[in-house]
Amino acid sequence: MTRVDIVILIVKCIVLALAATGVFAYFTLFERRLLARMQNRVGPNRAGPAGFLQPIADALKLFFKEDVTPLLADRRVYLISPAFAIVPALIIWATIPLGMWPDGRGGNWLQLAEVNVGILYLLAVTSIGVYGIAIAGWASNNKYSMLGGVRASAQVISYELALGLAVLGAVMQAQSFSTAEIVERQTLMWNVVPQFLGFVVFIIAATAEVVRAPFDLVEAEQELVGGYNTEYSSMKFALFFMSEYVKLVAMNAIAVTLFLGGWQFPGLQTLAAAATQQYGFVIGNAVLGLASLGAFLLKVMLLSFVSVWVRATLPRVRYDQLMDLGWKVLLPLSLANVVVTAVLNVFLPDSPVVTAIAGLVIGTGILLATAAIGRPGKEKRRVTLVQG
Amino acid sequence: MNTFITILFVVFAVYILVAAIMTVTVKNIVHAALWLISSFFTVGALYLLMEAEFIGVAQVLIYVGAVSILILFAIMLTRDLEGTQNRQMTPRWWIALIVPAALFGLLITPTVLTYQWQLPPPAPAGQSTPIAGAAQIGTAFVREYLLPFQVASVLLTVALIGAVVIAFEERERRRYVPTLAEKVRQQQRVRRPDPAASAMQSSETAGSET
């Protein structure tokens, strides 16, 4: 590794971190405008054309707010927890292949680090992410914050298992832990077909893992004021807010990488080959890189739209419903997915199409059966309200 | 590069030891948990330094991501423990220091002096020796080391069943926890049949006020 390589690596890191924060800023605008549309409102449209400068205005406002530290907070832990929250949200992007722009030396400009255990890295970093919330809740020395922190850790522990097992299905399909290889293996067919069950479990568990509506009990305003970040103000609050959104977009990016073919789309190779033939390698690689990056971003944006849609549609679940869903539904489903994937791939190793169709049919069948069994029949729990 | 790696190793190793010592000496139990987590994390970094990527990431995933968050969760749920400033050092702390140190020295000295270290020869420049990946580790687990693997899982199952048995009280001994509505109703039922007593009580309070 020469000195130039190190400089290039550092520049790549900075660009990636800035891109992630930029995506966060405009995702908030995207979400607010979209939510407003879905609720028959207009949304922020005053700052700049169509509200385009709104994120900058928000950031400026947060910078100039007064920064308060509670008197009885555990000062050091209180100060370190926003960092605990934001760092995992940013470093998670390192192993996600954002596209395919060959640098001519067997590398890829659009993937920061190609680790051969990339998937495990992603899971490890996601699981660290909860420390920020749990520690912030404890250090604030506030009952509501504390409850938010406890809820967060319980929720994340519960859903991490289902998430990891759902990811394992995709790993078994590709027979590799490397993110780049998993994307390469999806040239013929996206993983969402043979791993349909895994995809559904992953999307639900990922939503719960980033504590987002309808699983946002961590910051249920009606019960907990602001949840774990009640005592945080100014930029510290902004860091929590940012980590939440960056993690959400990162989870969508992981879902795209694992199940929706990553940066691939039909006809990409033909396009790149044509460009290479016409204009030479440099332009050809650039076309390949930009097209794949565009496809990846488009897919991430589609999933992000779905997240906003879900937030606008579904009410928050109750805590016992949350735990029931995690332990009694998603965990058995993801285990079933692992079993089905293993059996199919061992019995029919040479016919990927048959395996995929069988996987799709069995997965859909299991999902429908679960939905039929779990359908709310007669009322089991009676909610008693206080009268008088 | 080699000296750089050595320096990193020393830094990590010293940090692990310092964090471990802080874990057992710090008074606040949440701080102790945080020191423990940082120690686990640095152990993961040490594995990465040895280019054992799988084990390094697995260390972070299991110890930092799962075990420690459970520890933290348990501490946060037991309100009484946290914040109590227990005394960490008894007057006889030096005995506790000497005995383990002597035992450790007794065990480590013969090993260091007599063991024939079979270090693998350094890889030729430009080539790296193949490192056991996830697939090899998995194969080793279900072939060579199947028995220890199974024994470990049986142990974990036993622990799990034990935890469930301890946590589950018998049905008769379980205390009925009334809801808020039932409590309110109960209080009303207690109050209602004896209006005279409550009237007397109110007159009493009125009397004491004057």
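Note that the structure is predicted; figures quoted are calculated from it, not measured. (Residues numbered from 1 in each chain as written. Chains lettered and ligands numbered in written order. Predicted model: local features only at pLDDT ≥ 70, side-chain atom pairs only at ≥ 80, totals over all residues. Heavy atoms only, no water.)

The helix and strand inventory of chain A stands at 14 helices and zero strands. Written out in order from the N terminus, the α and β elements of chain A read α-α-α-α-α-α-α-α-α-α-α-α-α-α. The globule rule puts the C-alpha radius of gyration for 388 residues at 21 Å, and the 22 Å found for chain A is close to it. Dimensions along the principal axes, computed over C-alpha positions, put chain A at roughly 75 × 55 × 45 Å. Among the 388 residues that make up chain A, the fraction classed as buried is 49%. Sequence-distant contacts in chain A: of pairs separated by 6 or more residues, those separated by 24 or more amount to 80%. For chain A, the computed accessible surface area is about 19100 Å², with 69% contributed by carbon and sulfur atoms. Taking the average place of the 28 positive charges on the side chains of chain A and the average place of its 22 negative ones, the gap between the two points comes to 6 Å. (Helix = DSSP H or I, 4+ residues; strand = E, 2+ residues; numbered from the N terminus. Rg over C-alpha atoms; globule rule 2.2 N^0.38 Å. Buried < 20%, exposed > 50% of the residue type's maximum accessible area, 1.4 Å probe, protein only. Contact = heavy atoms within 4.5 Å. Areas by Shrake-Rupley, 256 points an atom, 1.4 Å probe, with all protein chains shown as cover. Lys, Arg positive; Asp, Glu negative; His and termini not counted. Charge placed at Lys NZ, Arg CZ, Asp CG, Glu CD.)

Okay, the confidence of the model for chain A next. Residue-level pLDDT values for chain A average 83, and 95% of them are 70 or greater. Mean pLDDT in chain A bottoms out at helix α9 (residues 221-224) of chain A, which sits at 70, and peaks at helix α8 (residues 196-209) of chain A, which reaches 90. (pLDDT = per-residue confidence, 0-100.)

Before going further, it helps to examine a nonpolar patch on the surface. Residues and elements named next belong to chain B. Judged by side-chain polarity, Trp93, Trp94, Ile95, Leu97, Ile98, Val99, Leu103 and Leu106 come together as a nonpolar surface patch covering roughly 840 Å² of accessible area. In this fold, tryptophan 93 is placed in helix α4 (residues 93-114). Relative accessible area serves as the criterion here: at 45%, tryptophan 93 is assigned to the partly exposed category. (Patch = residues over 30% accessible without salt bridge, like charges linked within 9 Å, V, L, I, M, F, W, Y side chains within 5 Å. Salt bridge = Lys/Arg side-chain N within 4 Å of Asp/Glu carboxyl O.)

Contact residues are listed per partner, giving 29 residues for chain A and 28 residues for chain B. Our count for the chain A to chain B interface comes out at zero salt bridges. Applying the counting rule to chain A against chain B returns four residue pairs in polar contact (both at pLDDT 80 or more). Breaking the side of chain A that touches chain B down by element, the ones donating at least two residues are α4 (118-128), α5 (130-139) and α6 (143-174) of chain A. Here the side of chain A that touches chain B is built from residues that sort into 20 nonpolar, seven polar and two charged. (Polar contact = N/O pair within 3.5 Å; in protein donor to acceptor, adjacent residues only side chain to side chain. Nonpolar A, V, L, I, M, F, W, Y, C, P; charged D, E, K, R; others polar.)

In this section: empty space enclosed by the protein. All names here are of chain A. Counted by the stated rule, this structure contains four cavities of 30 Å³ or more. As a volume, the largest cavity reaches approximately 80 Å³. Forming the walls of the largest cavity are Gln173, Pro194, Gln195, Leu197, Asn337, Val340, Thr341, Leu344, Asn345, Thr355, Gly359 and Gly363. Listing elements by their share of the lining of the largest cavity, those giving two or more residues are α13 (319-347) and α14 (352-374). Per-element tally for the lining of the largest cavity: the top contributor is α13, with five residues. (1 Å grid on protein atoms, 1.4 Å probe; cavity = no way out; pocket = protein on both sides within 12 Å on 5 of 7 lines; lining within 4 Å. Points joined across faces, edges and corners; volume = space filled by probe spheres on them.)

On to the pattern of salt bridges, then. All names here are of chain A. Applying the stated criterion across every chain yields a total of seven salt bridges over all chains. For glutamate 31, the salt bridge goes to arginine 212, with nearest N and O atoms at 2.5 Å. Here glutamate 31 is found in helix α1 (residues 3-38), whereas its partner arginine 212 is found in the loop between α8 and α9, with 181 residues between them in sequence. Each member of the pair, glutamate 31 as well as arginine 212, is classed as buried. The closest approach of N and O atoms between aspartate 216 and arginine 316, which form a salt bridge, is 2.8 Å.

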